Amino acid sequence: MINQPTDQPRDILACVDGSLYADSVCAHAAWASSRLSAGVRLLHVQTPTAAASPTDFSGSIGPGARSRLLEELAQVDETRSKLDLQKGKLILEHAKEQLVALGVANIETLHRRGSLVETLAELEAPAQLIVLGKRGENADSARQHLGSNLERVVRAAHKPILVCPRAFKEIKHFVIAYDGGASTVKAVDSIASNPLLKGLECQLLHVGSKNTTIERMMSEAALKLQQSGLSVHTQFMPGHPDEAIVAYVEENGIDLLVMGAYGHSHIRTLIIGSTTSAMLRASHVPVLMFR
């Protein structure tokens, strides 16, 4: 859950890159920071550029020429690494400026080299929330695809993840897509026990067949949320979850979608649930996900 033991730091881990989503990540992180009274750690992970692997030139050029070529390739790699480092510093400086302008006082910048997933595994423990963009630096060339890093992070992270669209909009209304699964039960427990979404209009939505079990679970979830001070409206809808939830969000002016990364069925852990993938692709609002 978002709550952390009181003896641990309580911050937000925001992942920024050179994409068009970076400013939105900063805006959503600042929003979460103000509601949770938390600092923000800005993280930029520089993925090592694969070094060029020279072909065996022994049959076409002499050993002297091959040695010179390898030296030149090494120099190119070194220059590229220096430029990547400079780029990362500029990205973090810009992100910090954005957060300062949005009123965040406690900011730490982290510049790492390696895998985003492995870096998050190392850094996520003190975080209440991970914030990252829906797509990465190749967003414009892959509009119908999720960022590959996002899919891997969803599979690996243990903390709630706020996935940001390209632009920030003030969040006043949110909906919990509830299927009775462990991840949505966890979402309800977390929302009821921390201030992130306090005071906002809450809607609890179940899409699919209606039966006594899901009615009971929805009632229990609504009661828990109401006892935490939220005003809750419950809704049952027929249909396929990914299509119906997207339509509901658009038709009802929802500003934030809360859902589990995995459905009620025992979806294999090597991939994220198909409904989750569809939601992330289609949603124009931020998505707060729980595993």
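Now for a quick tour of the structure. (Residues numbered from 1 in each chain as written. Predicted model: local features only at pLDDT ≥ 70, side-chain atom pairs only at ≥ 80, totals over all residues. Heavy atoms only, no water.)

**A short note on the side chain of Q128**
Operational definition: The secondary structure listing takes helices from DSSP runs of H or I that are at least 4 residues long and strands from runs of E that are at least 2 residues long, numbered from the N terminus. The term polar contact refers here to a pair of N or O atoms within 3.5 Å; inside protein, the definition further demands a hydrogen-donor-capable atom paired with an acceptor-capable atom, and it admits residues adjacent in sequence only when both atoms are side-chain atoms.
Note that Q128 resides in strand β4 (residues 127–133). A polar side-chain atom of Q128 sits 3.2 Å from a polar atom in the side chain of R10.

**Quick word on the side chain of H28**
Quick reminder of the rule: Residues count as neighbours in contact if any of their non-hydrogen atoms are within 4.5 Å of one another.
Within the element layout of this structure, H28 appears in helix α1 (residues 22–36). Excluding residues that lie within four positions of it along the chain, H28 makes contacts with V131, L162, C164, P165, A167, F168, I171 and P286.

**As for the packing of helix α5 (residues 182–193) against helix α6 (residues 212–227)**
Worth spelling out the cut-off: Here an angle of 0 to 180 degrees is reported between the N-to-C directions of two axes, which are lines fitted to C-alpha atoms, with helices fitted over the stretch in contact. Put simply, angles under 35 degrees are roughly parallel, angles over 145 are roughly antiparallel, angles from 65 to 115 are roughly perpendicular, and the rest are oblique. When the near helix sits turned anticlockwise from the far one by under a right angle, the crossing is termed left-handed; a clockwise turn instead gives a right-handed crossing. Three classes are used, and their members are as follows: Ala, Val, Leu, Ile, Met, Phe, Trp, Tyr, Cys and Pro are nonpolar, Asp, Glu, Lys and Arg are charged, and the others, Gly among them, are polar.
The interhelical angle for the contact between α5 and α6, taken along N-to-C directions, is 20°, at an axis separation of 9 Å. Taken as axis vectors, α5 and α6 run roughly parallel relative to one another. When you trace α5 past α6, the crossing you get is left-handed. The residues of α6 that touch α5, namely those facing V185, V188, D189, I191 and A192, are M217, A221, K224 and L225. Residues that form the contact of α5 with α6 fall into these classes: seven nonpolar, no polar and two charged.

**A few points about the environment of L288**
Tracing the backbone shows L288 in strand β10 (residues 287–290). A C-alpha to C-alpha distance of 9.9 Å links L288 and F174, two positions 114 residues apart in sequence. Apart from residues no more than four positions distant in its own chain, L288 is found in contact with L129, P160, I161, L162, L196, L197, L256, L257, V258 and M259.

Functional significance is not addressed by these values, which are geometric in nature.
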